[in-house]
Amino acid sequence: MIEKNKNTVKTMLKEGGKASGAWCQAGNAITAEILAEAGYDSVMVDLEHGPGDIMSTIAQIQAMKGEPAVPFARAPWNDFVQIKRILDAGIYGLLVPYVNTKDEVLEAVKAVSYPTNGIRGVAGSPRAAHYGNGAMDYLKSANDEIYLMTAVETPEAVENLDDILSVERLDGIFVGPM
């Protein structure tokens, strides 16, 4: 079972290890449960191309509970309101699509980070903060535990890759499209 407020995938990758992951594009809790039980280290809920919303995302995270798989999600866009809602649902890894410049990466960093490091709204009552049950533990650890990736999927992003990779808080990139 995943340790409360800990991202085992981020720890594995930061230590030079490998992690397996699966895409969950159906917006369905049963699919998420099957993938989590299959032994993947992470399951990526697709909110960019999948049919899901926040409620189906929460259902998918709940279906993964009790398994070691860490819930990740691909955001629909680099939008701080959407990102806040996704993280408040209990996601520990975020892939932000269509990021082409260092400034766009910095916007994503601000969106996933609580003040003073960012602009993520602070609330002790969302699902991620355990509905107020030990919320301070989540609020203290979230900036360090959330794994942030951006998608490099355009010629512009490739041209700006060195600048994109220079952002210290960026944990990884996804090379696309597809």
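Higher on the page you've got the structure.
Here the structure is a predicted model, which is why all the values come from computation and not from measurement.

(A) Local environment of the pairing of strand β1 (residues 21–24). Of the two faces of β1, only the one carrying A22 and C24 is buried; G21 and W23 on the other face are not. Note that β1 and strand β2 (residues 42–46) share four bridges and pair parallel. Following the sheet pairing, G21 is matched in β2 by S42. Handedness of the crossover is the feature at issue here: the chain leaves β1, passes through helix α2 (residues 29–37), returns alongside β2, and the resulting connection is right-handed.

(B) Spotlight on the sheet that holds β2. Judged by pairing direction, the sheet is parallel, and its six strands sit side by side in the order β1-β2-β3-β4-β5-β6 without closing on themselves. Only two strands of the sheet have a single neighbouring strand rather than two, namely β1 and β6 (172–175). Looking at each pair of strands side by side, their axes are set apart by 25° on average, direction ignored. In the sheet, strand β5 (residues 147–152) pairs with β6 via four bridges, with the strands oriented parallel. By the bridge assignment, A151 is partnered in β6 with F174.

(C) The arrangement of the packing of α2 against helix α3 (residues 54–64) in detail. Packing of α2 against α3 leaves a shortest axis separation of 8 Å and a crossing angle of 35°. Read as a crossing pair, α2 and α3 show a hand that is right-handed. Contacts between α2 and α3 involve A29, A32, E33 and A36 from the first element and A59, Q60, A63 and M64 from the second. Here the contact of α2 with α3 is built from residues that sort into six nonpolar, one polar and one charged.

(D) Local environment of a nonpolar patch on the surface. A surface patch of nonpolar side chains, about 260 Å² in accessible area, is lined by F80, V81 and I119. On the secondary structure map, V81 appears in helix α4 (residues 80–89). Here V81 falls in the partly exposed class, since its relative accessible area comes to 38%.

Conventions we followed
Residues numbered from 1 in each chain as written. Predicted model: local features only at pLDDT ≥ 70, side-chain atom pairs only at ≥ 80, totals over all residues. Heavy atoms only, no water. Buried < 20%, exposed > 50% of the residue type's maximum accessible area, 1.4 Å probe, protein only. Helix = DSSP H or I, 4+ residues; strand = E, 2+ residues; numbered from the N terminus. Pairing = 2+ DSSP bridges. Right-handed = clockwise from strand over helix to strand, strands pointing away. Axes fitted to C-alpha atoms, helices over the stretch in contact; angles between N-to-C directions. Left-handed = near helix turned anticlockwise from the far one by under 90°. Contact = heavy atoms within 4.5 Å. Nonpolar A, V, L, I, M, F, W, Y, C, P; charged D, E, K, R; others polar. Patch = residues over 30% accessible without salt bridge, like charges linked within 9 Å, V, L, I, M, F, W, Y side chains within 5 Å. Areas by Shrake-Rupley, 256 points an atom, 1.4 Å probe, with all protein chains shown as cover. Salt bridge = Lys/Arg side-chain N within 4 Å of Asp/Glu carboxyl O.

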